[in-house]
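Reading the structure
Listed below, chain by chain, are the residues.
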Amino acid sequence: MEVGLLYSRIRPDEKLLLSELRERGHEVHKVDVRKATFGLDAPPEPLGDCDVVLDRCLATSRSKYASRFMAHYDVPVVNSPETAKTCSDKVETSLALAEAGIPTPETTVAFTKESALDAIEAFGYPCVLKPVVGSWGRLMAKLESRSAAEAVLEHKETLGHYEHSVFYVQQFVQKPGRDLRVLTVDGEPIAAMSRTSDHWLTNAATGAETASFDLDPEVEKLAKQASDAVGGGLLGVDLMELENGGYTVHEVNHTVEFKALNAAVDVNVAAKVVDWLEAKVAAEAADDAEADDTDADDADADTAPAEVGQ
Ligand SMILES: Nc1ncnc2c1ncn2[C@@H]1O[C@H](COP(=O)(O)OP(=O)(O)OP(=O)(O)O)[C@@H](O)[C@H]1O
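Residues numbered from 1 in each chain as written. Predicted model: local features only at pLDDT ≥ 70, side-chain atom pairs only at ≥ 80, totals over all residues. Heavy atoms only, no water.

Let us now look at the pairing of strand 8 (residues 167-171). With four of five residues buried, strand 8 is to be regarded as a mostly interior element. Sheet topology places strand 5 (residues 107-110) next to strand 8; four bridges connect them, and they run antiparallel. Note on strand 8: the bridge partner recorded for threonine 108 is valine 169. Pairing of strand 6 (residues 127-130) with strand 8, which is carried by four bridges, proceeds in the antiparallel orientation. Paired with leucine 129 across the bridge in strand 8 is valine 169. (Buried < 20%, exposed > 50% of the residue type's maximum accessible area, 1.4 Å probe, protein only. Helix = DSSP H or I, 4+ residues; strand = E, 2+ residues; numbered from the N terminus. Pairing = 2+ DSSP bridges.)

Below you can see the structure in the form of structure tokens.
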């Protein structure tokens, strides 16, 4: 198959994917989104001929628009623009999870620092303030007191980008020093790991210790539901274990990194992802062939009465 790769930096994750794709003899076209341009009529060369395009852009805005353009050109893209739109924004993600009835931390959104402080006080301390867009745990604050909350809110309002005047306040979940990451393809888990740290931020990017996690049916079910809720694709579903049992889903990542997962588990993650891509492309080709057959049958049916009459 011909695979397009939209990127701005080739991380170890992309390297794993690229070598797996090339080892299997697939042709890969890398497109640096910093150099490409996207018009309304035709896709940048050679993406139009690709069987599938992988959006691996680092920047949220690039990822959102680049995947939207691919869909506009009718080029199959992973992940879909709908998924990118939902996952790249924590408000959208929380709403999608809540609408699907998936347990997710209690969250309140406010638009001024005064109403944000009201929301924070209603949660009590500690609670969490997150930027609506961003990853790797950056600019997340665990608020331990009213005075800390006031200071952070003032900094955000005065110094922050306009996105920082959407205040996303969340209950602090008393997790057991770790959270869980499940990598899924259209809801099917490929592998899972726990990420443990003494710090309250336990994502791998902050240096947490990773270990393979044996999926239980509940995590598997929630990962599938969370994937469906955001539109499916190649996703990293993040969950926390609750003190009284059960889980809560706090994030779904759409341009998911899997280098740490690959190192933690006994699964060749890139190989599983490429298996899924191959199956996806084959299914799409079969659908297209069926549609062509149906069109041909319809054309025969259209001409049949005339033939009979002759
Ligand atoms: N409500 C919460 N209560 C307690 N801990 C939390 C809460 N939300 C997030 N965390 C911790 O903070 C870490 C980062 O959170 P989150 O995934 O929301 O941020 P992020 O910047 O989008 O990170 P990434 O994109 O790398 O997953 C999580 O791995 C988890 O350990």
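This is not the end of the story, as more comes after the structure.
Next up on the list: helix 7 (residues 217-230). The end-to-end C-alpha distance of helix 7 is 20 Å, a good match for the 20 Å that 14 residues give at a rise of 1.5 Å each. Within helix 7, burial applies to Val219, Leu222, Ala223, Ala226, Ser227 and Val230. All buried residues of helix 7 project into a common sector of 135° when viewed along the axis, lining one side. On its buried face, helix 7 is in contact with helix 3 (81-87), helix 4 (90-99), strand 9 (178-185), strand 12 (234-241) and strand 13 (247-253). (Expected span 1.5 Å × (residues − 1). Arc of directions from axis to C-beta. Contact = heavy atoms within 4.5 Å.)

Strand order in the open sheet made by the four strands is 5-8-6-7, with antiparallel pairing throughout. Each having just a single partner strand, strand 5 and strand 7 (141-143) make up the two edges of the open sheet. Across the sheet, the mean angle separating the axes of adjacent strands is 25° when strand polarity is ignored. By the bridge criterion, three bridges tie strand 6 to strand 7 in an arrangement that is antiparallel. Along strand 7, the bridge assignment pairs cysteine 127 with leucine 143. Of the strands in this sheet, strand 5, strand 6, strand 7 and strand 8 are in contact with helix 5 (residues 113-123), which crosses strand 8 at around 5°. Along the sheet face, helix 6 (residues 146-159) touches strand 6, strand 7 and strand 8 and points at about 145° away from the line of strand 7. (Axes fitted to C-alpha atoms, helices over the stretch in contact; angles between N-to-C directions.)

By themselves, these figures tell us nothing about what the structure is for.
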